[in-house]
There are 2 protein chains.
Amino acid sequence: MFSNSTKYAIRTIEYLLFNKEGGKNTVGALAKELDIPQPYLSKIMQQLSKSKLISSTKGRGGGFYLSEENMKRPLIDIVICIEGKNVFRECVLGLPECSDDNPCMLHEHFKKFRDSLRQSVCKDGIKFLLSTSQSQKP
Amino acid sequence: MFSNSTKYAIRTIEYLLFNKEGGKNTVGALAKELDIPQPYLSKIMQQLSKSKLISSTKGRGGGFYLSEENMKRPLIDIVICIEGKNVFRECVLGLPECSDDNPCMLHEHFKKFRDSLRQSVCKDGIKFLLSTSQSQKP
DNA sequence: GGATAAAAGGATATAAATATCCTAATTAAA
DNA sequence: TTTAATTAGGATATTTATATCCTTTTATCC
Ligand code: FES
Ligand code: FES
């Protein structure tokens with residue numbers, strides 16, 4: 001479905017949502033907590049950082065965190081950042097073009113999923129998790 | 001999103017829907033028509049055939065086609081056949097378990113997509129395409 | 001200012017997905 | 001019964017994704 005890189009990216013951002021602005025997390029800590037290979041996660045964080053999907057400070061005491069701006073980014077941007085280019089503009093079955101006029105067999109199904117990712121921003125993750133979880137990590 | 005193999009599989013089955021039972025298609029013809037590497041598609045067809053998602057006859061004049069039984073299979077089976085095992089039971093973000101009790105950030109979004117693939121059978125593709133297309137290949 | 005801790009970035013190794021090639025088995029036609 | 005066309009299946013090559021390693025830059029603490 002998604003590549004490992006994308007999964008890691010979303011899960012990490014999801015985790016960062018619980019460390020509101022100022023709470024910095026080192027790659028080492030994140031990798032351990034989320035059970036992701038540390039150097040690999042490091043690369044992914046770099047990519048996300050370049051695309052302004054997460055924030056970071058270098059040097060001692062530094063780390064990664066989400067700014068208010070970061071939290072407003074739609075979920076789909078995370079996927080696009082890692083999976084590259086217009087993965088969500090393309091047809092899910094790899095047809096040269098995705099359009100309502102010439103839909104593939106999964107077009108309607110996929111469109112709903114895609115649109116829901118477009119409309120949700122990272123911040124919604126907090127609301128969602130807090131509203132549905134009983135024993136979530138604080 | 002999906003692997004190339006899965007995309008090829010679904011697109012090919014979609015194509016076969018227009019050649020109702022009896023109309024046999026060689027791998028060569030399918031590969032050419034759908035712009036898929038021929039020997040690679042051949043492997044995929046073998047896999048689909050083993051899982052009874054498509055039918056085939058060997059020898060001269062043989063080829064692949066869909067039986068009525070094949071057409072009743074849910075779309076999700078195609079994905080599972082290629083992508084392997086329980087790709088659709090797993091969490092889309094790779095968490096060890098997917099459940100309503102401990103949902104990931106994409107759980108609700110993904111669940112809808114997954115369920116729509118579970119509920120649609122191949123045959124629906126015909127209905128769907130015929131109802132929405134203006135200038136589809138016959 | 002020197003030591004330390006962190007992200008940033010380049011280069012490389014490993015594993016998996018994608019693709020190709022070649023031979024065997026099967027069937028139909030000639 | 002031979003020949004040709006086709007799927008089935010094994011073995012292998014190529015490309016891409018995944019993962020690791022090492023160096024550089026930046027900031028903090030002492
Ligand atoms: S045409 Fe395939 S997803 Fe839109
Ligand atoms: S928990 Fe992630 S998809 Fe269900």
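Thresholds applied
- Residues numbered from 1 in each chain as written.
- Chains lettered and ligands numbered in written order.
- Predicted model: local features only at pLDDT ≥ 70, side-chain atom pairs only at ≥ 80, totals over all residues.
- Heavy atoms only, no water.
- Helix = DSSP H or I, 4+ residues; strand = E, 2+ residues; numbered from the N terminus.
- Expected span 1.5 Å × (residues − 1).
- Buried < 20%, exposed > 50% of the residue type's maximum accessible area, 1.4 Å probe, protein only.
- Arc of directions from axis to C-beta.
- Contact = heavy atoms within 4.5 Å.
- Salt bridge = Lys/Arg side-chain N within 4 Å of Asp/Glu carboxyl O.
- Near = heavy atom within 4 Å.
- Polar contact = N/O pair within 3.5 Å; in protein donor to acceptor, adjacent residues only side chain to side chain.
- Nonpolar A, V, L, I, M, F, W, Y, C, P; charged D, E, K, R; others polar.
- Core = buried A, V, L, I, M, F, W, Y, C linked by side-chain atoms within 4.5 Å.
- Least-squares fit on C-alpha atoms with pLDDT ≥ 70 in both.

Draft legend 1. Seen up close, helix 3 (residues 38-50) of chain A. Residue and element names in this part refer to chain A. A rise of 1.5 Å per residue sets the reference length of helix 3, with its 13 residues, at 18 Å; its end C-alpha atoms lie 19 Å apart and thus fit the reference within 8%. Of the residues making up helix 3, those classed as buried are L41, I44, M45 and L48. The buried residues of helix 3 occupy an angular sector of 105° when the element is viewed end-on, so they sit on one face. Exposed and oriented more than 90 degrees from the buried face of helix 3 are P39, K43 and K50. Contacts from the buried residues of helix 3 go to helix 1 (4-16), helix 2 (27-34), strand 2 (63-65) and helix 5 (75-83).

Draft legend 2. Local environment of the environment of S56 of chain A. Residues and elements named next belong to chain A. Within the fold, S56 resides in strand 1 (residues 55-57). Between the C-alpha atom of S56 and that of S67, which follows or precedes it by 11 residues, the distance is 9.4 Å. Not counting chain neighbours up to four residues away, the residues in contact with S56 comprise S49, G63, F64 and Y65.

Draft legend 3. Broad picture of the pattern of salt bridges. Residues and elements named next belong to chain A. Counted by the stated rule, this structure contains 10 salt bridges over all chains. Between D115 and R118 there is a salt bridge, and its shortest N-O distance comes to 3.0 Å. With D115 and R118 both in helix 6 (residues 107-119) and 3 residues apart, this pair spans about one turn of that helix.

Draft legend 4. Structural detail: the protein's contact with DNA strand C. In the region of DNA strand C, 26 residues are neighbours, and K43 and Q46 of chain A together with P37, Y40 and R60 of chain B sit closest. Sugar and phosphate atoms form 67% of the subset of DNA strand C atoms that lie within 4 Å of the protein. Within the contact set of DNA strand C, a phosphate oxygen lies 3.3 Å away from a side-chain nitrogen or oxygen of Y8 of chain B. G59 of chain B places a polar main-chain atom, nitrogen or oxygen, 3.5 Å from a base oxygen of DNA strand C. At the level of secondary structure, the elements contributing two or more residues to the surface near DNA strand C comprise helix 3, strand 1 and strand 2 of chain A together with helix 1 (4-16) and helix 3 (38-50) of chain B.

Draft legend 5. Spotlight on the side chain of S55 of chain B. All names here are of chain B. By the secondary structure assignment, S55 is in strand 1 (residues 55-57). Overall, the relative accessible area of 14% leaves S55 in the buried class. A distance of 2.6 Å separates a polar atom in the side chain of S55 from a polar atom in the side chain of N70.

Draft legend 6. Up close: the protein's contact with DNA strand D. Surveying the vicinity of DNA strand D reveals 26 residues, the closest of which are N4, P37 and Y40 of chain A together with K43 and Q46 of chain B. Of what DNA strand D places within 4 Å of the protein, 65% of the atoms are sugar or phosphate. Y8 of chain A is positioned with one of its side-chain polar atoms (N or O) 3.4 Å from a phosphate oxygen of DNA strand D. Take S56 of chain B: an N or O atom from its side chain is 3.0 Å from a phosphate oxygen of DNA strand D. Broken down by secondary-structure element, the contributors of at least two residues to the surface near DNA strand D are helix 1 and helix 3 of chain A together with helix 3, strand 1 and strand 2 (63-65) of chain B. Among the elements that take part in the surface near DNA strand D, helix 3 of chain B stands out by supplying 4 residues, more than any other. A breakdown of the residues in the surface near DNA strand D according to their chemical character gives 6 nonpolar, 13 polar and 7 charged.

Draft legend 7. Quick look at the nonpolar core. With 81 residues, the main nonpolar core has L48 of chain A together with L48 of chain B as its most contacted residues. Dropping the residues within four chain positions of it, L48 of chain B is found in contact with A9, I13, L53, I54, I78, C81 and I82 of chain B.

Draft legend 8. View of the relation of the copies chain A and chain B. Expressed as a screw operation, the relation of chain A to chain B combines 0.0 Å of axial shift with a rotation of 180°, fitting to an RMSD of 0.1 Å. The transformation relating the two chain copies, once decomposed into turn and shift, fits a two-fold axis. Every residue of chain A has its C-alpha some distance from the rotation axis, and the shortest such distance is that of M1 of chain A, at 2.2 Å. When the interface residues of chain A are mapped onto chain B, 100% of them again lie at the interface, so the same face is used by both copies.

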